[in-house]
Each structure stands twice: as structure tokens, then as C-alpha cells.
Amino acid sequence: MDKIFAQLDSVLDRYDELQELMSDPDVINDTKRYLELTKEEGSLRDVVTAYRRYKQVLADIEESDEVLRDSHDPEMEALAKEDLESLKSEKDELESKIKILMLPKDPNDDKNIIMEIRGAAGGDEASLFAGDLLNMYMRYAERQGWTTEIVDETPTEVGGYKEVAVMITGENVYSKLKYENGAHRVQRIPSTESQGRVHTSTATVVVMPEYDEVDIELEAKDIRTDVYRSSGAGGQHINKTSSAVRMTHLPTGIVVTMQDQRSQQQNREKAMQILKSRVYDYYESQNAEEYAENRKTAIGTGDRSERIRTYNYPQNRVTDHRIGLTLNKLDRIINGELDDVIDALILHDQTAKLEQIGD
């Protein structure tokens, strides 16, 4: 704990400095600089508020102790003891809160994401499950006040998806959905099963932060762009023009196709957005060992082949295998009520990190 609190005074000084800078007319007129400082100020605000309150609580505890030492008034002593009990409880709560707030931040936590879901083992049932997962995440996003947009999809005849990509935009999206990377398993009786037997199928989920120009630069010479006519619905305008776009990143062989937007330019922009995230994800995966070490948690590395969760329909049960969490409310979870699962994963992650830094 001492190591953490040794840093807090310097954090407080930096916060005061940011407040001064943000009121400087020269800074206010420099939009880019002002936004950078606003973002930094926002990232420190919670810990500064908690630390200032903590210092006040310590001062109040000292004052109550002094009353107990010097007072000969039984009524005053009783009040001081009552205050002291409440203050010491608040002090413990603030120490725990500050520890968590001071944990090293994942630099991607405040980013939007591109989530790709693919039907894996299980044929039609796997593609239907991929569709169920997509609906689950989109409903969860709606509950969080985020916005969603399907940016790429390969639907199947039975109503599911061979693969689908959705962009989720909002506050701290990656911080909550980064734990969803991996293989999700479903156990249920398919609608086509006449004998009533439970089948097991899987779908994989990949969560990639949305990267902008600052994070990754793709050189034009490394990208081949082909345009062709859209094959999907969209009216005469789309079908008569070469509005669909296929981008290939030559060094990695990663291909992105986009035909869902109204114009070729819009498809180009969306394709480039997804290509950046996939290329970055590819290079991060190449350095998986170092990457996992840098972001080590007890929850796992986020390997997409790792079976992370089972959805058992007959028993209305969801089990997250990484943290041994079992909840008997699959019907609510698949409807987007993911808070209990995600909160448990975040808490487990924070606890593991606190154990690493020690007191």
C-alpha cells in the first residue's frame, strides 16, 4: 500500500497543473492540445477525488482521537467514538478503492471495438449460435448506452452467421468486452433434432480495439484495393455500380471485403478501418508471448482457441471456465444481461493485479 500512496502526491500535483493549463487561453485555442489535457484530467479525476477525501478522513480521525484524549465530557466522547468508527470504516473503503484506481491502465480500455463472431464446430447450429451471441452483445451494448453497427456479415440460409463483424462505439467499450475473446460453447437441442438429443457447438469471438492513425500506419504500397459490383441488397444504385471494395494487406495476406455501405467511398473507409484493426491484431498475435506477459492476468491470455464459456440451455446455466463462475440464468444473460459475468471478470482481474503488486 505504501508504494501506491507514495505516488499519490505527485498525481495530485499533476492534476492541479492540468487544471491550470486547461484555463490558459493559449491552450484553449489549441484544440488538439486542449483535448489531450482534458483526456488526461479525466483519467486522473476519480483517483484525485478519492485521495483528497482520504486525506480529509485522516484529518478527521486525528481530530476525533484528540477529542477522546482531551475531553472529559461523556457526551462528547460518545460522539467522537461514533465518528471514529464511521471514519475508520470509510478509510478502509477508500484505501481499497484507491488501490484499484492506481492499478496500471490498459491503454486500450477507452477504445471502441470491432468484434468478429464466427460459427465454428457444429455446422448450422454453430452459425445460429453465432447469431445468438451477436444479439447478446448488441443488447448488452444498448443497455450500456453504446451504439452498434454491423460492418461485415456472411449470413447462412438457416438464419445465423458464418461470420459477422460489428463495431461497438461508446465509453470504455474495450475495458468491458476485452474478456470475451475466445471460444464460446453451447449445449442445447437443435430445432432440427428429432430425437431430443443435446448437441454441442462452438463459436469464436475476437475483440479488437479500434485503432486510429496514431496507433498504426498502413503504407499505400502494402495495400491492394479491388472494386466490384455489390452482390447484396441495396437497390439499383448499388447493383449498377462497382461500389463493393476488397482490400488486401500484402505483407500479411489479410483480406477485408466491404459492400454494405451505399457508396464505394464509404465501403473504402469501413474496409480500411477493419483492416487496420485486423493487421494490428495480427502483429500483436505474432508477439503473443511478450504481449501476454505484459498484460498477464489470471483470466487468461485471450487466446481465441481457448474455451472460455459454456452456455447450457437445458439447465439454463452459464459457466465461465476461467474464473469458475456458474450462473443459473442463461435466459437473462443471452438477452444481454451480462453485467454479473463481466463484473466478476473485472474483479478477478483487479484482484490478481493487486496480488502482483502486493502491499
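What counts and how
Residues numbered from 1 in each chain as written. Predicted model: local features only at pLDDT ≥ 70, side-chain atom pairs only at ≥ 80, totals over all residues. Heavy atoms only, no water. Core = buried A, V, L, I, M, F, W, Y, C linked by side-chain atoms within 4.5 Å. Buried < 20%, exposed > 50% of the residue type's maximum accessible area, 1.4 Å probe, protein only. Helix = DSSP H or I, 4+ residues; strand = E, 2+ residues; numbered from the N terminus. Contact = heavy atoms within 4.5 Å. pLDDT = per-residue confidence, 0-100. Phe/Tyr/Trp six-rings, centres within 6.5 Å; stacked < 30°, edge-to-face > 60°. Pairing = 2+ DSSP bridges. Axes fitted to C-alpha atoms, helices over the stretch in contact; angles between N-to-C directions. Salt bridge = Lys/Arg side-chain N within 4 Å of Asp/Glu carboxyl O. Expected span 1.5 Å × (residues − 1).

Core analysis: the biggest nonpolar cluster contains 36 residues, and Met115, Ile117, Leu133, Tyr137, Leu177 and Tyr311 have the highest contact counts within it. When contributions to this core are tallied by element, the ones reaching two or more residues are strand E1 (113-119), helix H5 (124-144), strand E3 (161-169), helix H6 (173-177), strand E5 (199-209), strand E11 (325-327), helix H10 (330-333) and helix H11 (339-357). When residues in this core are grouped by element, the largest group, eight residues, is from H5. Setting aside residues up to four positions removed in sequence, Tyr137 forms contacts with Met115, Ile117, Leu177, Glu180, His184, Val205, Arg309 and Leu338. Ranked by size, the runner-up nonpolar core spans 22 residues in total, among them Leu8, Leu12, Tyr15 and Leu18.

It is worth spelling out the confidence of the model for the protein chain at this point. Averaged over the protein chain, the pLDDT score is 82; the fraction of residues at 70 or greater is 84%. Segment residues 233-240: pLDDT under 50, and 10 contacts once partners within four positions in sequence are set aside and those in other chains are kept.

Here we come to the environment of Glu157. Relative to the helices and strands, Glu157 is located in the loop between strand E2 (147-155) and E3. For the pair Glu157 and Ser127, spaced 30 residues apart in the sequence, the C-alpha separation amounts to 9.7 Å.

It is worth spelling out the side chain of Gln187 at this point. Here Gln187 shows up in strand E4 (residues 182-188). Gln187 gets classed as buried once you look at its relative accessible area, which sits at 16%. Beyond its immediate chain neighbours, meaning those up to four positions away, Gln187 contacts Val198, His199, Thr200, Thr310, Tyr311, Asn312, Tyr313 and Pro314.

What follows is about unusual backbone geometry. Positive phi outside glycine occurs at Asn172, with the angle close to 55 degrees. If you trace the backbone, Asn172 turns up in the loop between E3 and H6. On the basis of relative accessible area, Asn172 is assigned to the partly exposed category, the value being 31%. With a phi angle near 50 degrees, Asn316 is a residue other than glycine that sits in the positive phi range. Inspection of the secondary structure assignment puts Asn316 in the loop between strand E9 (307-312) and strand E10 (317-320). Judged by relative accessible area, Asn316 falls into the partly exposed class, the value being 25%.

The next thing to look at is the packing of aromatic side chains. Centre distance and the angle of the planes are the two values used to describe a pair of aromatic rings. For the coordinates displayed, the defined rule picks out two aromatic pairs. Judged by centre distance (5.4 Å) and plane angle (70 degrees), the ring pair of Phe129 and Tyr311 falls under edge-to-face. One end of the pair, Phe129, is in helix H5; the other, Tyr311, is in strand E9, with 182 residues separating them in the sequence. Of the two residues examined, Phe129 and Tyr311, each falls in the buried class. Aromatic side chains Tyr140 and Trp146 sit 5.7 Å apart centroid to centroid with 85 degrees between the ring planes, which places their arrangement in the edge-to-face category. The residues Tyr140 and Trp146 share a single accessibility class, namely buried.

So, on to the sheet that holds strand E8 (residues 254-258). Taken in spatial order, the three strands of this open sheet run E6-E7-E8, and their pairing is antiparallel. In this open sheet, the two strands that pair with only one neighbour each are strand E6 (223-228) and E8. The sheet shows a mean angle of 15 degrees between the axes of neighbouring strands, taken without regard to direction.

Before going further, it helps to examine the pattern of salt bridges. Any two side chains of opposite charge can pair, on the condition that their charged atoms come close. The final tally for this structure, using the stated rule, is 24 salt bridges. Note that Lys221 and Asp222 form a salt bridge whose closest N and O atoms lie 3.4 Å from each other. Classification of Asp222 by relative accessible area gives buried; the value is 18%. A salt bridge links Glu337 to Arg332, with the nearest nitrogen and oxygen atoms 3.2 Å apart. Via salt bridges that share partners, Glu116, Arg118, Glu163 and Arg278 belong to a single interconnected network.

A separate point is helix H4 (residues 74-101). Relative to the 40 Å expected for 28 residues at 1.5 Å per residue, H4 spans 40 Å between its end C-alpha atoms, a close match to the ideal helical length. Turning to H4, its buried residues number three or more, namely Ala80, Leu84, Leu87, Leu94, Glu95 and Ile98.

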